[in-house]
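Letter by letter, the chains look like this.
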Amino acid sequence: MWREITVNYSGIESVDFDSLLNGKIPAIVVRNFYGQKQCEGIVEKIGNSQKSIFQKKLQHIGPFLMSYTTKKKDYFDNAKQARKTFEDIFSENNQPIVKISKIISRILPGYSTSLARESGNDFSPYVIRIHGNGKAIPIHKDNVKYEGKEYDFTGIDNQLSCIVHLQEPQSGGEIVIYDKQWSRNDEKLRNIDFGYSQDVVSRAEFCKISNLSAGDLVMINPNYYHKVTQIEGNVSRITLGMFLGLYKKEQKIVAWA
Amino acid sequence: MTDIIWGNGSEILSSDSFVLNVTHRKDGNKENYSDVEKIKIVDADIPGLPQNQSDWNTENLKSCTTDAFLKCEIDSRNESGILLAKVSHSGAGGY
């Protein structure tokens, strides 16, 4: 069975990481990446932070690269602004990238972890998504080498997605990962606005991660098709997303959103 | 309102024109569009395609449009039947 593995913050091992990169498992769930109280404090600060409305329906904090595929200057300008907001939301030692770099240094000794930079510009480290009742995320993949080709990620060997769950909805909002990787030929099955037809994963095995709590970190290989089920109830699903790009030869990892 | 069609890029015809395999049509389009249309780009917003049109060639147009899912906002159809359109990479915006 293609199932996620669940570990605690200090329990993740390099073999788990290899299994994720190789597609042997769909996800790693790291319990209590943040504590419950920490999440409540972070969510309160998010509530007081300025948000942007994306595509007239979704609340975000911070830009994410895929919505700026041909607008690099706008992306980097907004990323600069967003970093100040993230510094207000997270104390220095609680920055997600700092906590993730501690995991990386343990399981991949010798690797450095840093925020991605290009021509003197820092990328946005995160995007915070606040999705309310009725929202869902369609089947899609994330592949920066395909859709972010104007940005300098051509050398990465692997892309991983990290999603920190800061507030869980009453119902729904579950991550479903399909055991099928994107290929260029699948573009024939695209939906107009975003994502793909369900046909793209027909007959593919899938894994549904249902029992997440606030504070959990989920790591996936985002080139595998994935979606988020419809959120139900008055409590919004609040997540923080970031990508990691692995350069094996250089033994470095860069982060961006 | 502008007519819009979507589809996947196919054969490259020149440094600024290509064949589109049409998969979607906007409800309310004024004109009819076949399943295969020739497109001449009058404006572009496509990742990887140089902003300056003088830098376009068949190679970079091919790498950016072949198989890619593209949105074509139709300006007009010329006397040869080719659609003049603003072409953009569609739906990469995420959630």
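Conventions and cut-offs
- Residues numbered from 1 in each chain as written.
- Chains lettered and ligands numbered in written order.
- Predicted model: local features only at pLDDT ≥ 70, side-chain atom pairs only at ≥ 80, totals over all residues.
- Helix = DSSP H or I, 4+ residues; strand = E, 2+ residues; numbered from the N terminus.
- Rg over C-alpha atoms; globule rule 2.2 N^0.38 Å.
- Buried ≥ 20, exposed ≤ 12 C-beta atoms within 10 Å, placed from the backbone.
- Contact = placed C-beta atoms within 7 Å.
- Pairing = 2+ DSSP bridges.
- Axes fitted to C-alpha atoms, helices over the stretch in contact; angles between N-to-C directions.
- Core = buried A, V, L, I, M, F, W, Y, C linked by C-beta atoms within 7 Å.
- Expected span 1.5 Å × (residues − 1).
- Arc of directions from axis to C-beta.

Asks: Kindly report on the overall build of chain B, identifying the contributing residues and their values.
Replies: The helix and strand inventory of chain B stands at 1 helix and 5 strands. Overall, chain B shows an N-to-C arrangement of helices and strands of β-β-β-α-β-β. Taking 95 residues into account, the globule formula puts the C-alpha radius of gyration at 12 Å, and chain B, at 12 Å, falls close to it. With the C-alpha coordinates aligned to their principal axes, the bounding extent of chain B is approximately 40 × 35 × 20 Å.

Asks: Go over the overall build of chain A, please, and point to the residues and values.
Replies: Assigned secondary structure in chain A consists of 5 helices and 16 strands. Computed over the C-alpha atoms, the radius of gyration of chain A is 17 Å, within 12% of the 18 Å expected from 2.2 N^0.38 for a compact globule of 257 residues. Seen along its three principal axes, the alpha-carbon backbone of chain A occupies a region of about 45 × 45 × 40 Å. Burial status across chain A gives 41% buried among its 257 residues. The long-range fraction of contacts in chain A, counting pairs at least 24 apart against all pairs at least 6 apart in sequence, stands at 79%.

Asks: Describe the sheet that holds strand β12 (residues 206-209) of chain A, naming the residues involved and giving the relevant values.
Replies: All names here are of chain A. The 4 strands are arranged β9-β14-β11-β12 in an open sheet whose pairing can be described as antiparallel. A single partner strand is all that each edge strand has here, and the edge strands are β9 (137-140) and β12. When strand polarity is set aside, the average angle formed by the axes of neighbouring strands in this sheet is 15°. Bridge count between β9 and strand β14 (residues 224-228): 2 bridges; the pairing is antiparallel. Bridging across to β14, H140 finds its partner in H226.

Asks: An account of the pairing of strand β8 (residues 127-131) of chain A is requested, with residue identities and associated values reported.
Replies: Residues and elements named next belong to chain A. Burial analysis of β8 places 4 of its 5 residues in the buried class, the great majority of the element. As paired elements, strand β4 (residues 58-61) and β8 share 3 bridges and run antiparallel to each other. By the bridge assignment, Q59 is partnered in β8 with I130. Alignment of β8 against strand β15 (residues 237-247), held across 5 bridges, turns out to be antiparallel. Within β15, the residue paired with V127 across the bridge is G241.

Asks: Tell me what's going on with the nonpolar core, and back it up with residues and numbers.
Replies: Grouped together as the largest cluster of nonpolar side chains are 69 residues, with contacts concentrated most on A:A27, A:C162, A:V218, A:M219 and A:W256. In contact with A:A27, other than residues within four places in its own chain, are A:E4, A:I177, A:C207, A:I209, A:V218, A:M219 and A:I220.

Asks: How would you summarise the pairing of strand β13 (residues 217-220) of chain A if you had to cite specific residues and measurements?
Replies: Looking along a regular strand, one sees the side chains alternate between the two faces of the sheet. All names here are of chain A. Neither face of β13 is open: one carries L217 and M219, the other V218 and I220, and all of them are buried. Note that strand β2 (residues 27-31) and β13 share 4 bridges and pair antiparallel. For V30, the partnering residue across the bridge sits in β13 and is L217.

Asks: Can you tell me about the environment of A:N234, naming the residues and giving the values?
Replies: Residue and element names in this part refer to chain A. Mapped onto the fold, N234 is located in the loop between β14 and β15. Judged by C-beta crowding, with 8 C-beta atoms within 10 Å, N234 ranks as exposed. Spatially, the C-alpha atoms of N234 and G172 are 12 Å apart, while their sequence positions differ by 62 residues.

Asks: Hey, could you go over the sheet that holds strand β2 (residues 17-25) of chain B for me, with residue numbers and the actual values?
Replies: All names here are of chain B. Overall, mixed pairing links the 5 strands, which are arranged β1-β2-β3-β5-β4 in a closed barrel. With direction set aside, neighbouring strand axes in the sheet form an average angle of 55°. Helix-sheet contacts for helix α1 (residues 58-65) involve β1 (4-14), β2 and β4 (69-77), and the interaxial angle to β1 is about 145°.

Asks: Report on helix α4 (residues 96-107) of chain A, specifying residues and quantitative values.
Replies: Residue and element names in this part refer to chain A. Here α4 is 12 residues long and its end C-alpha atoms lie 17 Å apart, about the 16 Å a rise of 1.5 Å per residue gives. Three or more residues of α4 are buried, namely P96, I97, I100, I103 and I104. All buried residues of α4 lie within an arc of 120° about the axis, which places them on one face of the element. Residues of α4 that are exposed and point more than 90 degrees away from the buried face comprise K102 and R106. For α4, the secondary structure elements touched by its buried residues are β5 (112-115), β10 (158-167), β15 and β16 (252-256).

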